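Chain residues, written in single-letter form:
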Amino acid sequence: MNRIHKRFRALVPSILISVSLMGTEWTDSAAFSKRQEALIYISAMSSLPQSEFWPHVDPKEFTKDLEGDIRQPLRIYEGKVTNFCSYAALTYIPFHYDPLGFVQFMFELYKNGKARLGKVNFEPGDEVRNVAGLLKNKGFLDIAPANQVWFLCLADRFKGYLNVFNKQFDPGDENNLCAATNFSKFNRMIRQLFPMKVKAKGFDFLRPAIKDMILYLEEKLQTGTLFMYVNNRKLYKIKDNTASRVDVPTHFLVLLSMTRVDNRYRLTYWDYGRISVQELSASFIRKITFGVTHCTLR
Amino acid sequence: MARLPLHIVLLLFVSCILFSCRSMKDFSNFSTKFFNENEEKLGKIQEQYKKLNPERPFSIVFLDRQFNTFSLEINSDTFRYIYKFLVNEPRLLDTLDKFRFNTIEVMNLISSMREMHCNWVNKLEYYPHKTRNHVIYLSIRNPNLRSFLKRERYLSIIYFDEVQSHDAEGVLLHSPSDKDPGEINGQVFWRLRDKVYYTLASYFR
């Protein structure tokens, strides 16, 4: 009985998170704009004409997708078998801190084929513009043309050492190393795109030199947005063959809360278009974590 | 002890490698044979899951080769609760109770999955031609799908509600006019029955 009581008590933070994130109004006083302002802007764009730059993206579907993202920011989904998880994870920042700014950027990109976000100018080439709207067999991403535009632009614009052998985007590259993100590229994207102060600890092959990982995560959760760079194959057990024994990070997620339950930790995190709640041991958390990125507003 | 000549040693080594490598054709033959032999039991897993899932969407993933540990993932629109259990763990019943599952039915499903070495059952959404659709997805683990030098393969079987289109070679198409194969979960599927298709995947979920 005591154990069940403890479990319910541990559920409280995740319930509070869900209520605050699913509510109709984002009320963070630190946010640059509110969700309602973004929705008003989107409704003013109802008669958006077909863009000559994005031939396969229908303006109505584009607007509808953006509206859906603003109403349900946690639904953003990187797609099946793509390497877009880092792009989906970092989108958590504009959706929660400046939805209006992000929506304005997206409409400008759609109308003019180029736009600026933060310190970055986006002007994707024909390969990207002709693929957007046509991605298929990716699950929910198939019917999310605005997200396709956004992810493809990020994959095209930012390059890290993983992309060195395939820098030019071609159809199908969303599934391979051309779209992959290493840890430093992820942090660079956040620094250049958003007005965030980024403190990152970790590496692509080695675990971070953090003395007490649990304490570090608990402390950082109090003061900003926390991204984790983890070994996804261990976290979700995707396969159990030789490849899964290679211990490398493959996935980015947003850590929302962490509470102690008996001798384990209940992690509430966002990835794959929803919030996951999972109890893990401290040693397992240390084992799967290769990077931690802590972001606060500048 | 007399030494074996070098050429005999090499011949034995090459033979071992050749015997340990299996062609995809071997695996495909196994898949159809396995399905034909176990159609009823596999259909039962699908039926049990199909009956339970609408009440509270969930999936079950077995995490070890012995089928003793599994993960129960309970889904809502926004949340996914992931619990790991041993098959005979008492707290499993507490959790099933807490989420108001039909405990007996879920335990029967788990036992059917163990019997067939089915390591994942899930309702999977996909969007053919931008319309929402779903399949019941079963992954099967079998020693016949392992070999010394090749990655382990999993037999994935999907059950549709409707009869599906396919090309002359039995490859699944999302509509009869499609030229490209209709992928689900990143895989191309082949026909077993009108509403049942299969593939051999390098991942089980």
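Relevant structure appears above.
Caption draft 1: Structural detail: the overall build of chain B. The secondary structure content of chain B amounts to four helices and 10 strands. Projected onto the principal axes, the alpha-carbon positions of chain B cover approximately 70 × 50 × 30 Å. Buried residues in chain B amount to 29% of all 205 residues. Taking contacts inside chain B between residues at least 6 apart in sequence as the whole, the part at least 24 apart equals 53%.

Caption draft 2: Just the packing of helix α3 (residues 59-71) of chain A against helix α6 (residues 99-112) of chain A, in detail. Residues and elements named next belong to chain A. Contact geometry of α3 with α6 gives a least axis separation of 11 Å together with a crossing angle of 165 degrees. Accordingly, the angle class assigned to the pair α3 and α6 is roughly antiparallel. When the axes of α3 and α6 are compared, the crossing they make is right-handed. In this structure, α3 contributes F62, L66 and I70 to the contact, and α6 contributes P99, V103, M106 and Y110. Within the contact of α3 with α6, the residues separate by chemical class into seven nonpolar, no polar and no charged.

Caption draft 3: Looking closely at the pairing of strand β6 (residues 264-271) of chain A. All names here are of chain A. Most of β6 sits inside the fold, with seven of its eight residues counted as buried. Here strand β5 (residues 251-261) runs beside β6; their pairing, made up of seven bridges, is antiparallel. Paired with M258 across the bridge in β6 is L267. Here β5 hands over to β6 after two residues, with D262 in that stretch at a positive phi of 55 degrees. When β6 meets strand β7 (residues 274-280), the two strands line up antiparallel, connected through seven bridges. Counterpart to D271 in the pairing with β7 is R274. Between β6 and β7, which pair antiparallel and follow one another directly, the connecting turn spans two residues, one of which, Y272, has a positive phi of 50 degrees.

Caption draft 4: Looking closely at the pairing of strand β4 (residues 225-230) of chain A. Residue and element names in this part refer to chain A. Most of β4 sits inside the fold, with six of its six residues counted as buried. Burial of β4 is two-sided: the residues T225, F227 and Y229 facing one way and the residues L226, M228 and V230 facing the other way are all buried. In the sheet, β4 pairs with strand β8 (residues 289-297) via six bridges, with the strands oriented antiparallel. Paired with Y229 across the strands is G291, a residue of β8. Across five bridges, β4 lies against β5 in antiparallel orientation. Following the sheet pairing, M228 is matched in β5 by L253.

Caption draft 5: Summary view of the environment of A:I143. You can see A:I143 is positioned in the loop between α7 (126-131) and α8 (145-157). In this structure A:I143 comes out as partly exposed when scored by C-beta crowding, with 18 C-beta atoms within 10 Å. Each C-alpha atom of the pair A:I143 and A:D65 lies 8.1 Å from the other, and the pair is 78 residues apart in sequence. Among residues more than four places away in sequence, those in contact with A:I143 are B:Y127 and B:K130.

Caption draft 6: Summary view of the environment of A:C85. Residues and elements named next belong to chain A. Among the secondary structure elements, C85 is positioned in helix α4 (residues 85-90). The exposure class assigned to C85 is buried, which follows from the 23 C-beta atoms found within 10 Å. Sequence separation between C85 and L253 is 168 residues, and the spatial gap between their C-alpha atoms is 8.0 Å. Setting aside chain neighbours within four positions, we find C85 in contact with E78, H251 and F252.

Caption draft 7: Representation of helix α9 (residues 183-193) of chain A within the structure. Taken together, the buried positions of α9(A) are A:F183, A:F186, A:N187, A:M189, A:I190 and A:L193. Taken down its axis, α9(A) places every buried residue within 155 degrees of arc, on the same side.

Caption draft 8: Structural context of the packing of helix α2 (residues 35-43) of chain A against α3(A). Residue and element names in this part refer to chain A. Close contact between α2 and α3 brings their axes to 10 Å; oriented N to C, the two are set at 170 degrees. Relative to α3, the element α2 lies roughly antiparallel. Residue-level contacts link R35, A38, L39 and I42 of α2 to T63, L66, E67 and I70 of α3. Among the residues forming the contact of α2 with α3, the class breakdown is five nonpolar, one polar and two charged.

Criteria and thresholds
Residues numbered from 1 in each chain as written. Chains lettered and ligands numbered in written order. Predicted model: local features only at pLDDT ≥ 70, side-chain atom pairs only at ≥ 80, totals over all residues. Helix = DSSP H or I, 4+ residues; strand = E, 2+ residues; numbered from the N terminus. Buried ≥ 20, exposed ≤ 12 C-beta atoms within 10 Å, placed from the backbone. Contact = placed C-beta atoms within 7 Å. Axes fitted to C-alpha atoms, helices over the stretch in contact; angles between N-to-C directions. Parallel < 35°, antiparallel > 145°, perpendicular 65-115°, else oblique. Left-handed = near helix turned anticlockwise from the far one by under 90°. Nonpolar A, V, L, I, M, F, W, Y, C, P; charged D, E, K, R; others polar. Pairing = 2+ DSSP bridges. Arc of directions from axis to C-beta.

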